[in-house]
Amino acid sequence: MISADDALALLREGNRRFVESQSKSPSLSVHERRAALVAGQEPFAIVLGCSDSRVPAELVFDQGFGDLFVIRVAGNIVAPSQVGSVEFAAARFATRLVVVMGHSQCGAITATVEELLGRAPPQSRNLRSIVDRVRPSVEALLAGGCALDAEALIREGVRANVRTSTHHLRHGSELLEGLIREEGLRVVGAEYSLESGVVTFFDGV
């Protein structure tokens, strides 16, 4: 079992390689690695990230088959199915690091800001279910008296939304609370920059 600190170090190093275009060569061929994982998996980190096609966690952290347990959903929101997925991996595979990763220019955050500013087009019920989970994070920024334009509100909203998601995982599951308290599980927040490729860890680090 890899500790949360060691797992975080592996992610930081992998992102450094990604940014510097120095991705490592796999020690085993894809076929051999795939075959080795048939019997089971031991991912060293759980990543709850956005579904955005520009933010594939395995590439961003320069990891391969079996290294990461990745959950992707628009806006990296935390609904019951995401909590259950994190619980499953943390309990079943003894994975001790959970990363909630938002990203710059997130469409879900943008849609929420547009709605709050009265600029949103009509949305389907299913799309609204995503916006409804993001809205409290952005509303809190407005309620705090932040004099932000739409662009700045989106930028700050990304991190606020990540903090909300990490808080939900830390305090919205008895199973995860127990693992945090007794087994060294850590839940941290992060933001990926589309512009630079850099992942900045900021909540719980």
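The structure we're discussing is the one just above.
This write-up is about the structure you can find in this document.

Definitions and limits used
Residues numbered from 1 in each chain as written. Predicted model: local features only at pLDDT ≥ 70, side-chain atom pairs only at ≥ 80, totals over all residues. Heavy atoms only, no water. Core = buried A, V, L, I, M, F, W, Y, C linked by side-chain atoms within 4.5 Å. Buried < 20%, exposed > 50% of the residue type's maximum accessible area, 1.4 Å probe, protein only. Helix = DSSP H or I, 4+ residues; strand = E, 2+ residues; numbered from the N terminus. Contact = heavy atoms within 4.5 Å. Expected span 1.5 Å × (residues − 1). Arc of directions from axis to C-beta. Bend = angle between axes of the 7 residues up to and from the residue. Pairing = 2+ DSSP bridges. Axes fitted to C-alpha atoms, helices over the stretch in contact; angles between N-to-C directions. Salt bridge = Lys/Arg side-chain N within 4 Å of Asp/Glu carboxyl O.

Observations concerning the nonpolar core
- In this structure, Ile46, Leu48, Val86, Val98, Ile109, Leu169 and Leu176 are the most contacted members of the largest nonpolar core, which totals 34 residues.
- Ranked by the residues each element gives to this core, the list is headed by helix 7 (residues 150-171), at six residues.
- Ignoring anything within four residues of it in the chain, the contact list for Ile46 reads Phe69, Ile71, Val86, Ala89, Ala90, Thr95, Leu97, Val98 and Val99.
- Core analysis: the second largest hydrophobic core is formed by 20 residues, Ala7, Ala45, Ala57 and Leu97 among them.

Re helix 4 (residues 80-93)
- Counted at 1.5 Å a residue, the expected span for helix 4 with its 14 residues is 20 Å, and the 20 Å between its end C-alpha atoms agrees.
- Looking at helix 4, one finds that the buried residues are Gln82, Val83, Val86, Ala89, Ala90 and Phe93. Along the long axis of helix 4, the arc covered by the buried residues comes to 150°, so they all point the same way. In this structure, helix 4 carries Pro80 and Arg92 as exposed residues pointing more than 90 degrees from its buried face.
- Next to the buried residues of helix 4 lie strand 1 (45-49), strand 2 (68-72), strand 3 (97-103), helix 7 and helix 8 (174-183).
- Once helix 4 finishes, Ala94 follows within two positions and takes phi at roughly 60°, a positive value.

A closer look at helix 7
- The terminal C-alpha atoms of helix 7 lie 30 Å apart, and with 22 residues this matches the ideal 32 Å at 1.5 Å per residue to within 8%.
- The largest bend in helix 7 is about 25°, located at Gly157.
- Where helix 7 is concerned, the buried positions are Ala152, Leu153, Ile154, Gly157, Val158, Ala160, Asn161, Val162, Ser165, Thr166, Leu169 and Arg170.

Thoughts on the sheet that holds strand 2
- Here we have five strands laid out as an open sheet, ordered 2-1-3-4-5, and mixed in their pairing. The sheet terminates laterally at strand 2 and strand 5 (199-203), the two strands that pair on one side only. Going across the sheet, the axis of each strand differs from the next one's by a mean of 25°, ignoring polarity.
- Where strand 1 meets strand 3, four bridges bridge the pair, whose relative direction is parallel. Counterpart to Gly49 in the pairing with strand 3 is Met101.
- Helix 1 (residues 4-19) contacts strand 1, strand 2, strand 3, strand 4 (186-192) and strand 5 of the sheet and is inclined by roughly 35° relative to strand 3.

Re the pattern of salt bridges
- Throughout the structure, instances matching the rule amount to 13 salt bridges.
- The shortest N-O distance in the salt bridge between Arg54 and Asp52 comes to 2.8 Å.
- Salt-bridge contacts for Asp203 lead to Arg170; the nearest nitrogen and oxygen are separated by 3.1 Å. With Asp203 in strand 5 and Arg170 in helix 7, the pair connects residues that are 33 residues apart, well separated along the chain.
- Asp203 sits in the buried class, given a relative accessible area of 12%.
- Each of Glu115, Arg128, Asp132 and Arg135 takes part in one network of salt bridges that share partners.

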